[in-house]
Amino acid sequence: MAHRIKDLQPPAGEHHHAWHIEVVSEPFTTGSEDVGTAMARLRVQAHRHEWDIVVGLTELPLRDDDGRYLLVEADPQRRAAVLSLPALGGLRMHARTRRAVRTLVGDMADPNSEEEHRVPLPRLGGRWRLLAGMVLANRPWLLVPGLKSALVAALATGAVATVNSTVWLLADSLSWWRLVVATIASIALVVAWLVIDGELWDRPDDDSPQARDRSRLYNAATLLTLTAGVLICYVALYVVNLAWAFFVLDPDLMGDYLNAGLGFPDLFVLAWFVASAATVGGGLGSGLETDEAIRAAAYSKREEDRRDRLARERDSK
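Quick notes on the rules
Residues numbered from 1 in each chain as written. Predicted model: local features only at pLDDT ≥ 70, side-chain atom pairs only at ≥ 80, totals over all residues. Heavy atoms only, no water. Helix = DSSP H or I, 4+ residues; strand = E, 2+ residues; numbered from the N terminus. Buried < 20%, exposed > 50% of the residue type's maximum accessible area, 1.4 Å probe, protein only. Areas by Shrake-Rupley, 256 points an atom, 1.4 Å probe, with all protein chains shown as cover. Phe/Tyr/Trp six-rings, centres within 6.5 Å; stacked < 30°, edge-to-face > 60°. Lys NZ or Arg CZ within 6 Å of the ring centre and 35° of its normal. Pairing = 2+ DSSP bridges. UniProt positions renumbered as here; feature names shortened; annotations may be inferred. Salt bridge = Lys/Arg side-chain N within 4 Å of Asp/Glu carboxyl O. Core = buried A, V, L, I, M, F, W, Y, C linked by side-chain atoms within 4.5 Å. Domains from an automatic or database assignment. Contact = heavy atoms within 4.5 Å. Expected span 1.5 Å × (residues − 1).

1. A few points about the overall build of the chain
So, point 1. Helix and strand content of the chain: twelve helices and five strands.
So, point 2. Looking at the 317 residues of the chain, the share that counts as buried comes to 44%.
So, point 3. Of the roughly 17,000 Å² that the chain leaves accessible, carbon and sulfur atoms contribute 59%.

2. Regarding unusual backbone geometry
So, point 1. Residue glutamate 50 is not a glycine yet carries a positive backbone phi of 55 degrees.
So, point 2. With respect to the helices and strands, glutamate 50 occurs in the loop between α1 (35-49) and β1 (54-58).
So, point 3. A positive phi angle is found at arginine 139, which is not glycine, with a value near 55 degrees.
So, point 4. Looking at the element boundaries, arginine 139 is found in the loop between α3 (125-137) and α4 (143-146).
So, point 5. The partly exposed category is assigned to arginine 139, whose relative accessible area is 34%.

3. Thoughts on the packing of aromatic side chains
So, point 1. Evaluation of the coordinates by the stated rule reveals one aromatic pair.
So, point 2. Positioned over the ring face of tyrosine 69 is arginine 63, at 4.8 Å from the centre of the ring.

4. Focus on the pairing of strand β3 (residues 69-75)
So, point 1. By the criterion of burial, β3 is predominantly enclosed, with seven of the seven residues buried.
So, point 2. Linking strand β2 (residues 62-63) to β3, which pair antiparallel, is a turn of five residues; within it glycine 67 sits at a positive phi near 85 degrees.
So, point 3. Where β3 meets strand β5 (residues 117-120), four bridges bridge the pair, whose relative direction is antiparallel. Within β5, the residue paired with leucine 70 across the bridge is proline 120.
So, point 4. Strand direction decides the pairing type here: β3 and strand β4 (residues 80-84), joined by four bridges, are antiparallel.

5. A word on the UniProt feature "transmembrane region" (unreviewed entry) in the chain
So, point 1. The feature "transmembrane region" (unreviewed entry), as given by UniProt, occupies residues 149-170, 176-196, 217-247 and 267-285 in the numbering adopted here.
So, point 2. Each end of residues 149-170 is marked by a C-alpha atom, and these two atoms are 27 Å apart; helix forms 91% of the span and strand 0%.
So, point 3. Taken as a whole, residues 176-196 contains 100% helix and 0% strand, while its terminal C-alpha atoms sit 30 Å from one another.

6. Notes on the side chain of serine 186
So, point 1. The residue serine 186 is located in helix α7 (residues 176-197) in this model.
So, point 2. With relative accessibility at 3%, the residue serine 186 sits in the buried group.

7. Looking at the pattern of salt bridges
So, point 1. According to the stated counting rule, one finds six salt bridges in the structure shown.
So, point 2. Across the pair arginine 63 and aspartate 213 runs a salt bridge, and its minimum N-O distance is 2.7 Å. Here arginine 63 is found in strand β2, whereas its partner aspartate 213 is found in helix α8 (residues 209-248), with 150 residues between them in sequence. By the burial criterion, arginine 63 is buried, and aspartate 213 matches it.
So, point 3. Through salt bridges that share partners, Arg63, Arg127, Asp213 and Arg216 make up one connected network.

8. A closer look at the environment of arginine 41
So, point 1. Mapped onto the fold, arginine 41 is located in helix α1.
So, point 2. A relative accessible area of 25% places arginine 41 in the partly exposed class.
So, point 3. Taking the C-alpha atoms as reference points, arginine 41 and glycine 56, separated by 15 residues in sequence, lie 9.4 Å from one another.

9. Considerations on the nonpolar core
So, point 1. Leu71, Leu83, Leu104 and Leu130 are the most contacted members of the largest nonpolar core, which totals 27 residues.
So, point 2. Contributing elements (two or more residues each) for this core: β3, β4, α2 (93-109), α3 and α8.
So, point 3. Looking at this core, the element that brings in the most residues is α2, giving six residues.
So, point 4. Both of domain 1 (2-122) and domain 2 (139-310) provide at least three residues apiece to this core.
So, point 5. Setting aside anything within four residues of it in sequence, one finds leucine 83 in contact with Gly56, Leu57, Thr58, Leu71, Val72, Leu88, Thr97, Ala100, Val101 and Leu104.

10. Describing α3
So, point 1. Compared with an ideal rise of 1.5 Å per residue, which puts 13 residues at 18 Å, α3 spans 18 Å between its outermost C-alpha atoms and is within 8% of the ideal.
So, point 2. Listing the buried residues of α3 in full gives Gly126, Leu130, Leu131, Gly133, Met134 and Val135.
So, point 3. Buried-residue contacts for α3 involve β3, β4 and α8.
So, point 4. Just downstream of α3 lies arginine 139, where phi reads positive at about 55 degrees.

So, in structure tokens, the structure goes:
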């Protein structure tokens, strides 16, 4: 995101010098979720590079001393600010980031601006916006392509189940609410399996309310990311299995074989039931993946690095 806004310039019509933007990327440790720590590190970078103004962009949620989540913390006197990208909400990130950074730099470039600015998120709505930003940053649509063994297992399960006569009978005997329950159960089972097998559950660093609240936020983001990713997989499997069924099956022939009245509308029900079975098969196939592969598929690169460092710190204790 920082590289995409390197061409940022002052608002038109304002008498500012042209901005020359330099981008430096480095991982933030767990402690940098504290806004004071993040600001201190930014000031060190500004001194090292002899910058006039420094703005930090992070995928981490930022908290103040009172436990409130922040959108931005700015210190115009020291010309440093940090912006939490997930707090922008995840949608139209490029435009929102450009607007936020331009405002921050413009304010800090103003010699008359000396008061520290802190923008907390609303207690309820802001938390949901932050959570949505964290989930979108994890790119849940890339979950299944990142787990190749799970993808192969899901496709193989679907292909075999589609032409199985027992599966046909089961699908034909199930009511719509049983199919809905099968859908929910299969998605929940795979999400739980990924969390357990990949050791994705975040644990508090200590017993403080702030640490427990932070873990709840990360775990909620994990569950929503995995649920969205598995749901996308489910829909894709339904489409693939439906196309496969229309290609290889003759409902009249299968009906004569099973002594049941079957038609092409039954293929939609069959594909629905097979998608549930294939999703579970894909979840079991994910057991062949390493914990590192599961984390890489489930999280953004920054969050993956954060969790890897946290795991190494715990192992070293």
